[in-house]
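Structural description and commentary
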Amino acid sequence: CVLKASQKRRPLSRLLEQLLRNLEKRDPHQFFAWPVNDNFAPNYSVIIKRPMDFSSIKQKIDENEYRSLNCFISDFKLMCNNAMKYNKPGTVYHKAAKRLLHSGLKQLTPQKLRPLGDMLT
Ligand SMILES: COc1ccc(OC)c(-c2cc(C(C)=O)n3cccnc23)c1
């Protein structure tokens, strides 16, 4: 069937959605799936000025807020670095963030992305 204009996904959005799914798989406990709640993380909104999580990244993709892949990668790094700032080293969240950041960035190297680049043309 012919996709209506509203259903057409921009090439960048399709690429970012695919990358996001790949990154979400690396968060099995879903610690990064939703915004961190101050009720479970005392003073979180005081300490972390720019919260970020996978659901917010998804929303930004859907609203075409990312103008480039680098902006997407910056939000992914922000999300992980927030967790490493708020949670002390050795905690389950700090370790999960460090692991997610490193394994995720390995998927975002030019070598890994070049084959996907064709999706943008
Ligand atoms: C234990 O189950 C959950 C479920 C969802 C969470 O965040 C969306 C978190 C969570 C995630 C985080 C992070 C990412 O800093 N966190 C910090 C302190 C207390 N809880 C959390 C934990």
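Each value, and the rule that gives it
Residues numbered from 1 in each chain as written. Predicted model: local features only at pLDDT ≥ 70, side-chain atom pairs only at ≥ 80, totals over all residues. Heavy atoms only, no water. Core = buried A, V, L, I, M, F, W, Y, C linked by side-chain atoms within 4.5 Å. Buried < 20%, exposed > 50% of the residue type's maximum accessible area, 1.4 Å probe, protein only. Helix = DSSP H or I, 4+ residues; strand = E, 2+ residues; numbered from the N terminus. Contact = heavy atoms within 4.5 Å. Near = heavy atom within 4 Å. Polar contact = N/O pair within 3.5 Å; in protein donor to acceptor, adjacent residues only side chain to side chain. Areas by Shrake-Rupley, 256 points an atom, 1.4 Å probe, with all protein chains shown as cover. 1 Å grid on protein atoms, 1.4 Å probe; cavity = no way out; pocket = protein on both sides within 12 Å on 5 of 7 lines; lining within 4 Å. Sits in = over half its atoms within 2 Å of the grid points. Nonpolar A, V, L, I, M, F, W, Y, C, P; charged D, E, K, R; others polar. Expected span 1.5 Å × (residues − 1). Axes fitted to C-alpha atoms, helices over the stretch in contact; angles between N-to-C directions. Parallel < 35°, antiparallel > 145°, perpendicular 65-115°, else oblique.

Some thoughts on the nonpolar core
- Core analysis: the biggest nonpolar cluster contains 24 residues, and Phe-54, Ile-57, Phe-72, Phe-76 and Met-79 have the highest contact counts within it.
- Put simply, the parts of the chain that give this core at least two residues each are helix 1 (11–24), helix 3 (54–62), helix 4 (69–86) and helix 5 (92–106).
- Sorting elements by how many residues they give to this core places helix 4 first, with seven residues.
- Look past the residues within four positions of Phe-72 in its chain and what remains in contact with it is Leu-16, Leu-19, Leu-20, Leu-23, Ile-57, Ile-61 and Tyr-66.

Describing the site of the ligand
- In the neighbourhood of the ligand, the contacting residues comprise Phe-31, Phe-32, Trp-34, Pro-35, Val-36, Phe-40, Ala-41, Asn-87 and Tyr-93.
- Here an oxygen atom of the ligand and a backbone polar atom of Phe-31 are 3.3 Å apart.
- Here a nitrogen atom of the ligand and a side-chain polar atom of Tyr-93 are 3.5 Å apart.
- When the ligand sits alone it has 490 Å² of accessible area, and the protein chains cover 72% of it.
- Here the ligand is seated within the largest pocket.
- Within the shell around the ligand, the residues separate by chemical class into eight nonpolar, one polar and no charged.

Side note on helix 1
- In this model, helix 1 (14 residues) spans 20 Å end to end at C-alpha, consistent with the 20 Å of a helix rising 1.5 Å per residue.
- Within helix 1 the residues assigned to the buried category are Leu-12, Ser-13, Leu-15, Leu-16, Glu-17, Leu-19, Leu-20 and Leu-23.

Looking at the packing of helix 1 against helix 3
- Two elements in contact, helix 1 and helix 3, have axes whose closest approach is 10 Å; the angle formed by their N-to-C orientations is 170°. One finds that helix 1 runs roughly antiparallel with respect to helix 3. Contact with helix 1, carried on its side by Ser-13, Leu-16, Glu-17, Leu-20, Leu-23 and Glu-24, involves Phe-54, Ile-57, Lys-58, Ile-61 and Asp-62 of helix 3 and no other residues of that element.
- Residue classes in the contact of helix 1 with helix 3 are distributed as six nonpolar, one polar and four charged.

The values are spatial; any link to function lies outside them.
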